[in-house]
Every structure is written in C-alpha cells, then in structure tokens.
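If you want the building blocks of each chain, they are given just below.
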Amino acid sequence: MLSRVALRSVVARQSAPTALVARTSASDACGVRDEKNFPRPIRGEPGKVRLGFIPEEWFQFFHSKTGVTGPYTFGAGLITYLFSKEIYVMEHEYYTGLSIFVMVYYATVKFGPPISKWLDKEVDQIETDLNQGRVETVKSLEEAIVTEKDAQWRAQGQELLIQAKKENVLLQLEAAYRERLMNTYQEVKRRLDFQLEKAALERRFEQKHLVDWVITNVSKAITPDQEKQTLDRCIADLAALAQK
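The name an unreviewed UniProt entry gives the protein chain is ATP synthase subunit b, with Leptosia nina as the organism. Of the comments in the UniProt record for the protein chain, the one headed Subunit (unreviewed entry) reads "F-type ATPases have 2 components, CF(1) - the catalytic core - and CF(0) - the membrane proton channel. CF(1) and CF(0) have multiple subunits." The UniProt entry for the protein chain carries the following comment under Sequence similarities (unreviewed entry): "Belongs to the eukaryotic ATPase B chain family."

This is the structure in structure tokens:
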C-alpha cells in the first residue's frame, strides 16, 4: 500500500514539469502574451526528498523541535505503533509491497538519474521545439514592424514629395500670373503710347496747317508796293546800323 503511494508520488513529481511545459506552450500557442502583466511561467523543478518520497520540508519541520534524529524517530515510532496495534496488518500483501518497494527503490537509485537526465533532455527539446514557433513568430512580427516603419517612412517621403509638387504648381501658377500681368501691362502701355503718339501727331499736323495757313494769308495780304517799301526800309536800317 505504501509502495503504491510512493510510486504514485514519484511518477507525479516526474510528470509535473512536463505537464507544466505543455500548459505553458499551449497558452503561448493561442497568441502573444503580455509579458508585463502576465509573465511567462517558469518550469518548476521538483523539491528535494529523502528516502525517495518524503519531502525535505517535513524533516525541516522536525529539526527546530526534535533535532536531526526527530523525523526518523517519529517515523520509526509511528510504524511501530501501527504494527503493534495491528492497525497495519502484515499479511501477504505486506511482503509483496515490501518486495515491490525494494525493487522500486533499487530501480529509482540505479536507473533514476539517467532516466531523469534523458527526460529532462527530452523536455528541454520539446520546450525548445515549442518555443521555436514563438521565436519565429516574434521574429516575423519584428520584421513586419520594421517593414511597416519603412513603409511609414516612405509614406512620409511621399507626403514631402506631394508638398513639393504643390509648391511647384503654386510657383508655376505665380509665374503664369506674373507673365499675364506683364503682358497686360505691355499691351496697355502700347495702346497708351499709340494714343499719345496719335495725339502728338495730330497736334503737329494742326500746328503745321495753322502756320501754313497764317503764312499763306499774310503773304496774300502783302502787296508788291508794301513789300518794296519794307525792303527799302530794311536796307536803310541796315545802312544806318553799318554807319554806327
């Protein structure tokens, strides 16, 4: 009976890390964990035991009260009490259980360490295989983040390019506006110059016509006698001026 309990305890302690790794890996496979609020559980190691199945904590509990030999004395006294009061009857199953306990203990001592190393190696391999997918997922997500940042940077460059194109269009519109404004100015100036030249030309024609008309009328009004008298008077004036 005790041998069965001991065997179940040993099997449970050896299978607990594997179950913990399986639950941890299954929870990781569902999605990305929040490492800050929900830290990843760490695979627990089995506690220390004595005699193959008695936890070390039980011995530490007796050390502060009965010393080092207290746990062994308590165990021996408890077994003696169970046997003496025939609470635990030593029938044929007792010897069978005792034989099985001896064989299990020998197998545990002889084959336990290499099997434990092999199981730990297998568990580490399984954990590595299970974490490999998570690591690759994290790596792919990091690469996707880098790609997204690069795309955002390129998008910002496109915004700058679009802004430059807008400024270029505004400069072209401003150049076209100034060109049209200059053309309008030159056209208005040309027409104003034409009107000014036209007015000046008309004024010159009027002055010339008026002068010709006055000269013609004055020439018609002077008779030959008046012309002769005027000529003689001029000659006389010139002679008088010459004498002076």
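Having put the structure on the table, let's press on.
Each helix and strand counted, the protein chain has five helices and two strands in total. For the protein chain, the share of sequence-separated contacts (at least 6 apart) that also reach a separation of at least 24 residues comes to 49%. Summed over its atoms, the accessible surface of the protein chain is roughly 21,100 Å², and 63% of this surface lies on carbon and sulfur atoms.

Looking now at unusual backbone geometry. Phi is positive for glutamate 86, close to 55°, though the residue is something other than glycine. Mapped onto the secondary structure, glutamate 86 falls in the loop between α3 (70-84) and α4 (92-221). Judged by its relative accessible area of 61%, glutamate 86 is exposed.

A separate point is helix α5 (residues 224-243). Under the 1.5 Å per step criterion, the end-to-end length of α5 is 29 Å for 20 residues, consistent within 8% with the ideal 28 Å. The element α5 is largely exposed, with a buried count of zero among its 20 residues.

With that settled, consider the confidence of the model for the protein chain. Looking at the protein chain as a whole, its pLDDT mean stands at 80, while 83% of the residues score no less than 70. In the model of the protein chain, helix α1 (residues 2-29) stands out as the element of lowest mean pLDDT, 44, in contrast to α4, which has the highest, 89. The low-confidence segment residues 1-7, where pLDDT is below 50, has six contacts with residues more than four positions distant or belonging to other chains. Contacts of residues 10-31 to residues separated by more than four positions or lying in other chains number 23 contacts, the stretch itself having pLDDT below 50.

Together, Leu51, Phe53, Tyr72, Met90, Tyr95, Leu98, Phe101, Val102, Tyr105 and Val109 give the surface a local cluster of nonpolar side chains, amounting to about 940 Å² of exposed area. Looking at the element boundaries, phenylalanine 101 is found in helix α4. A relative accessible area of 31% places phenylalanine 101 in the partly exposed class.

What follows deals with the pattern of salt bridges. Applying the stated criterion across every chain, the model contains six salt bridges. Of the charged contacts, one joins arginine 50 and glutamate 56 as a salt bridge, the two residues approaching to 2.8 Å between their closest N and O atoms. Judged by relative accessible area, which is 16%, glutamate 56 ranks as buried. In this structure, glutamate 174 engages arginine 178 in a salt bridge whose closest nitrogen and oxygen atoms are separated by 3.0 Å. Residue glutamate 174 and its partner arginine 178 are located together in helix α4, separated by four residues, close to a single helical turn. For glutamate 174, a relative accessible area of 34% corresponds to the partly exposed category. Each of Glu187, Arg190 and Arg191 takes part in a single network of salt bridges with overlapping partners.

For the coordinates displayed, the defined rule picks out four aromatic pairs. Ring centres of phenylalanine 101 and tyrosine 105 lie 6.4 Å apart, and the angle between their planes is 25°; this geometry places the pair in the stacked category. Of the two residues, phenylalanine 101 and tyrosine 105 both sit in helix α4, four residues apart, roughly one turn of that helix. Under the relative-accessibility criterion, tyrosine 105 is labelled partly exposed at 44%. By way of ring pairs, the aromatic residues Phe61, Phe62 and Phe74 are connected into one cluster.

Reading the values: rules and limits
- Residue numbers run consecutively from 1 along every chain, following the written order of its sequence.
- Given that this is a predicted model, residues contribute local features only at a pLDDT of at least 70 and side-chain atom pairs are listed and counted only at 80 or more, while totals for whole chains, interfaces and linings are drawn from all residues.
- Think of the side-chain values as coming from all heavy atoms in the structure, minus any hydrogens and water.
- UniProt positions are given in the numbering used here, feature names are shortened, and annotations may be inferred rather than shown by experiment.
- Per the convention used, a helix needs a DSSP run of H or I reaching at least four residues, while a strand needs a run of E reaching at least two, with both numbered from the N terminus.
- In this description, contact between two residues means that some pair of their heavy atoms is separated by no more than 4.5 Å.
- The protein chains shown are the only cover counted for residues, whose accessible areas, like all others here, come from Shrake-Rupley with a 1.4 Å probe.
- Note on classification: 1.4 Å probe, protein chains only; a residue is buried when its accessible area is under 20% of the maximum for its type, exposed when over 50%, partly exposed between these limits.
- One fewer than the residue count of a helix, multiplied by 1.5 Å, yields its expected span.
- Confidence scores labelled pLDDT are given residue by residue by the predictor and lie between 0 and 100.
- Residues enter patches when their relative accessible area tops 30% and they take part in no salt bridge; the joining distance is 9 Å for like charges and 5 Å for the nonpolar side chains Val, Leu, Ile, Met, Phe, Trp and Tyr.
- Salt bridge, as used here: a side-chain nitrogen of Lys or Arg that lies within 4 Å of a carboxyl oxygen of Asp or Glu.
- Note on aromatic contacts: the rings of Phe and Tyr and the six-membered ring of Trp form a pair at centre separations within 6.5 Å, being stacked when their planes are under 30 degrees apart, edge-to-face when over 60 apart, and tilted otherwise.

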